[in-house]
Amino acid sequence: MRESKIHTPCYIVQERALKENLEQLAGLARETGCRILLAQKAFSMFRVYPLIGNYLAGTTASGLYEARLGAECMGKENHIFSPAYREEEMGEILSLCGHVVLNSPQQIRRYKRKILAAGRSVGLRVNPECSTQEGHAIYDPCAPGSRLGTTLSQLERALADTPDLLEGIEGLHFHTLCEQDADALAVTLDAVVEKFGVYMTKMKWVNLGGGHHITRPGYHMETLKQCIRRVQKLCGGTVYLEPGEAVALQAGTLRTSVLEITENGVQTAILDASAACHMPDVLEMPYRPPLSGAGLPGEKPFTYRLAGPTCLAGDVIGDYSFDRPLETGDVLEFQDMAIYSMVKNNTFNGMALPDIVLEREDGSRELVRRFGYEDFKGRLS
Ligand SMILES: *Cc1c(COP(=O)(O)O)cnc(C)c1O
């Protein structure tokens, strides 16, 4: 695919960057004996699942369809967690997944027997009630009132009622981090061990969840290794990690073109990519995506507000400055757009979904997918 053949908007995923991340993760697994799963909810580009499968132990899913995708396209270990499963889906889930993580004592009572009868491994997600992140309550499973994971008091109440509740439960799972370093994991692990240590010692596996920013430069790998070894010593079984972001961190861009410039007190460049449709975390998180060659507002001589082509007034990516004035047709490339982008896309306003391009290690580019009107219409009726 020649440069001139690349349409915008499009995601360009770089195999080389992906491999560098995967090599780090595989190195960690080799050195510690932990097993690392791709959390598909962050990155589900199944075209590269065979590559990822060369490095990682398998996939984890947040629901039936992700579980099916992992089984179909990677075919290695396949885990699943859901806060509440649908009765009618459990049969298919058990045909796809070797490990099923339940969220609560009620879910254990409802599904444990069926999962064990299918010969699958059952785990329980716990909530250590230890918040290590500030400002992002929607990403904090330990926030007050959280529905995610069983607290110690919930577990003790359930055990008083049903003494054999944990019989057959082989794993403990906790997921409390979001884009965090290993020091936050160490703090969390202290809380998990203090509250659930007696249960952990009886488990065959412990899953430390995701949110570990392992492939970010400067990440404290040694602290992570100490945490992994601590859990291995306590339970003697397998330690799982299930990062999403860390697998495809800085491994893709979103390329977009300037459609028009408007002036209303601020200069706004209207792009053919939308924050609302194509980078929803920019609005949800919210955050400012890095843009190649651009600076903070006022840093360079020409400042623009970059905005999407939808009718949503708030479809704004942010204010950026440039060395020269922007013009219609200019191409801009937002960084770190492989994760939580394609998986969250939507066609609000009848927007087209961006193309997906794979840049191979030798620099050649393959158009993996082009979407059209049928993808928009197909989700409506
Ligand atoms: C979101 C999530 C992950 C992956 O999180 P990242 O922040 O992308 O690493 C892993 N496990 C569970 C249960 C999750 O909800």
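You'll find the structure just up there.
Residues numbered from 1 in each chain as written. Predicted model: local features only at pLDDT ≥ 70, side-chain atom pairs only at ≥ 80, totals over all residues. Heavy atoms only, no water.

## What about the environment of Thr151?
Stated formally: Counting from the N terminus, the helices are the DSSP runs of H or I reaching at least four residues and the strands are the DSSP runs of E reaching at least two. The buried label goes to any residue with under 20% of its type's maximum accessible area, the exposed label to any with over 50%, and the partly exposed label to all in between, with areas taken from a 1.4 Å probe on protein chains only. Every residue pair with non-hydrogen atoms within 4.5 Å of one another is taken to be in contact.
Note on placement: Thr151 falls in the loop between strand 6 (121–125) and helix 6 (152–161). Using a relative accessible area of 11% as the deciding quantity, one classes Thr151 as buried. Separated by 44 residues in sequence, Thr151 and Lys195 place their C-alpha atoms 8.9 Å apart. For Thr151, the residues in contact, after removing those within four places along its chain, are Asn127, Glu129 and Phe196.

## Remarks on the site of the ligand
As a reminder, the rule being used: By convention in this text, a residue qualifies as near a molecule or strand provided that one of its non-hydrogen atoms is within 4 Å of it. Polar contacts here mean pairs of N or O atoms no more than 3.5 Å apart (in protein, one a potential hydrogen donor and the other a potential acceptor; neighbouring residues in sequence count only if both atoms are side-chain atoms). Using a 1.4 Å probe, accessible areas were evaluated by the Shrake-Rupley method; residue-level cover was limited to the displayed protein chains. Gly is put with the polar residues, along with every residue not named as nonpolar or charged; the nonpolar set is Ala, Val, Leu, Ile, Met, Phe, Trp, Tyr, Cys and Pro, and the charged set is Asp, Glu, Lys and Arg.
Close contacts around the ligand come from 13 residues, with Lys41, Gly211, Glu242, Gly244 and Tyr340 the closest. Between the ligand and Gly211, the relevant distance is 2.8 Å, taken from an oxygen atom to a main-chain nitrogen or oxygen of the residue. For the ligand, whose unbound accessible area comes to 390 Å², protein coverage reaches 89%. For the shell around the ligand, the per-class residue count stands at 4 nonpolar, 5 polar and 4 charged.

## What about unusual backbone geometry?
Of note, the bond from Thr8 into Pro9 is cis; its omega dihedral lies within 30 degrees of zero at -5°. Note that Pro9 resides in the segment before strand 1 (10–14). Positioned with a positive phi, Glu129 is a non-glycine residue whose angle comes to about 50°. Relative to the helices and strands, Glu129 is located in the loop between strand 6 and helix 6. Accessibility expressed as a relative area gives 43% for Glu129, which makes it partly exposed.

## Quick notes on the side chain of Asn207
Relative to the helices and strands, Asn207 is located in strand 8 (residues 205–207). A relative accessible area of 0% places Asn207 in the buried class. A distance of 2.7 Å separates the side chain of Asn207 from the backbone nitrogen of Gly209, its partner in a polar contact. Those residues in contact with Asn207 that lie beyond four places of it in its chain are Leu37, His79, Leu172, His173, Phe174, Tyr240 and Glu242.

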